[in-house]
Structures are given as C-alpha cells and as structure tokens.
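Below are the chains, spelled out letter by letter.
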Amino acid sequence: MRGALRGALAGALLVATPIVAMAQDTTSDAAHGEPAALRYRAMAFGVVSAATWTQALGVPEGWDRTWQGYGNRLGDQVGFALSEELLRVGLERATGWESAYGPCDAAHGARPWRTRAGAATRCALRSTFTAKNSAGATRPNAPLLGAIVAASALSLTWRPERKSASKGQLFMVTRVGIVTGATVVNRAVKEMRRR
C-alpha cells in the first residue's frame, strides 16, 4: 500500500509540470492578450509530456510500460484535457460567470520581489477560487472548479484506479489538487511576468 501511495504521489507530482501548461482558462488568456493557438499548443505539449512522464514512472500500475500502455496514458491525458476544457467553457456560458482574473497592480512596480510575489499569489488564489456573475458579485468559481472535479471523475471511469475505492479517492484528491494548484501557480507566474 505504501509503495502504491508513493507511486501515485510521485506520478502526480511529475504530471504537475505539464498540467501547468494545461491549467489555463480562456478568460486569463484574453485578459493577458494571449492567442488561443498558443494556449492549445501548450495544452498539446502538456498532454504528451504528462503521458511520457507517467509512462516512465509506470503510473498507473495497471497499464504496462508498452506502446499500448503509452497509448492508454496518452488517451487519458487527452480525455482529461478535452473534457475539462469543454466542461469549463460550457459552465461559464451556462452560468454567465467569469473568472475574477485580471491585472494585479500590487504585483508590479518598484516593490521588492517577495512583496510582488506574495501579491501575485494572493491575486492568483482569488481568481482561481472566485468568479464574478453578470451583476459583478463575487461567487465561488464553479465553472473552473466544477470542470476540474467533473473531468477528474470522468477520467477515473477509464483508469485502473476505478477498481479500488481507496485508489480512486486518492486519484481524485491528487488530480484535483494538482490541477487547482497548477492553475494558481500559472496565474501567479503570469502576473509576475506581466509588464
């Protein structure tokens, strides 16, 4: 059990890097003037590199380190990325809520780096977990967070972890945590780079 837990966590952590590329939302791209083509190229890179890392680690254990296993891992990453993106866009359109993502003036200027990084992180946390409705009121960011949870649950339906309740729960908590955390990191880094 300890080896399986260590393998799942190691795999999840190594998958975090490419997921950072996938954990961007369209609102953030529009707010920073990034073209959609760049976003989707980053997602494709994230999908391929995540599948490659998990193949190298042999995670999940139910898929062998063969070409078929790599295909399973690649299919899992593509399925998660597409379902998360479609669910998020659908929920944004259905609710009319937009991520509270925008320029963070406290993260810029002549302030010390540590102060700017702290401000960028606070702004990134706020924009990840909150959204604005059409009246401008702050609400939980149901489109983004709901899409991450739903896409993770959908991904679990074809992964080997579905056969064990404890492994399935660990997978869900790990993937939701990593994708949400990667979104925060991605937004904070973008804010620090913004001029």
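All of these numbers come straight from a predicted model, not from anything done at the bench.

A separate point is the packing of aromatic side chains. Counted according to the given criterion, the structure contains one aromatic pair. Geometry around Phe80 places Arg175 over its ring, the cationic atom sitting 4.3 Å from the centre.

A few words now on the state of the cysteines. Inspection of the entire model under this criterion finds one disulfide. The side chain of Cys104 participates in a disulfide bridge whose partner is Cys123; the two sulfur atoms lie 2.0 Å from each other. Across the disulfide from Cys104 to Cys123, rotation about the S-S bond amounts to roughly 60°, and the bridge is consequently right-handed. A residue pair is termed long-range when its members are at least 10 positions apart, and Cys104 in the loop between β1 (98-99) and α5 (113-129) and Cys123 in helix α5 qualify at 19 residues. The buried category is assigned to Cys123, whose relative accessible area is 16%.

A separate point is the side chain of Ser127. With respect to the secondary-structure elements, Ser127 resides in helix α5. With a relative accessible area of 1%, Ser127 lands in the buried category. With near-sequence residues (within four places) excluded, Ser127 lies in contact with Ser99, Ala100, Tyr101, Asn141 and Arg187.

Glancing now at the pattern of salt bridges. Summed over all chains, the structure comprises five salt bridges. The residue Arg159 makes a salt bridge to Asp76 at a minimum N-O spacing of 2.5 Å. Here Asp76 lies in helix α4 (residues 67-95) and Arg159 lies in the loop between α6 (142-156) and α7 (165-193), a separation of 83 residues in the sequence. Residue class for Arg159 comes out buried when judged on its relative accessible area of 6%.

Further remarks concern the confidence of the model for the protein. This prediction gives the protein a mean pLDDT of 83; 82% of its residues lie at or above 70. The least confident element of the protein, judged by mean pLDDT, is helix α1 (residues 2-22) at 44; the most confident is α6 at 96. Note on residues 1-32: pLDDT under 50 across the span, and 66 contacts to partners over four residues away in sequence or across chains.

Right, let's get into helix α3 (residues 36-57). Spanning 22 residues, α3 covers 31 Å between terminal C-alpha atoms, matching the ideal 32 Å at 1.5 Å per step. Taken residue by residue, α3 has Arg39, Met43, Gly46, Val47, Ser49, Ala50, Ala51, Thr54 and Gln55 as its buried positions. At the C-terminal side of α3, Gly58 shows a positive phi close to 75°.

This brings us to the nonpolar core. Grouped together as the largest cluster of nonpolar side chains are ten residues: Cys104, Ala107, Ala117, Ala119, Ala120, Cys123, Ala124, Val184, Ala188 and Met192. Going through the elements one at a time, α5 and α7 are the ones with two or more residues in this core. Looking at which element gives the most residues to this core, the answer is α5, with five residues. If we skip the residues at most four places from it in the chain, Ala120 touches Cys104, Ala107, Ala188, Glu191 and Met192. Formed by five residues, the second largest nonpolar core is a distinct cluster that contains Phe80, Leu144, Ile148 and Val179.

The rules behind these values
Residues numbered from 1 in each chain as written. Predicted model: local features only at pLDDT ≥ 70, side-chain atom pairs only at ≥ 80, totals over all residues. Heavy atoms only, no water. Phe/Tyr/Trp six-rings, centres within 6.5 Å; stacked < 30°, edge-to-face > 60°. Lys NZ or Arg CZ within 6 Å of the ring centre and 35° of its normal. Disulfide = S-S within 2.5 Å. Helix = DSSP H or I, 4+ residues; strand = E, 2+ residues; numbered from the N terminus. Buried < 20%, exposed > 50% of the residue type's maximum accessible area, 1.4 Å probe, protein only. Contact = heavy atoms within 4.5 Å. Salt bridge = Lys/Arg side-chain N within 4 Å of Asp/Glu carboxyl O. pLDDT = per-residue confidence, 0-100. Expected span 1.5 Å × (residues − 1). Core = buried A, V, L, I, M, F, W, Y, C linked by side-chain atoms within 4.5 Å.

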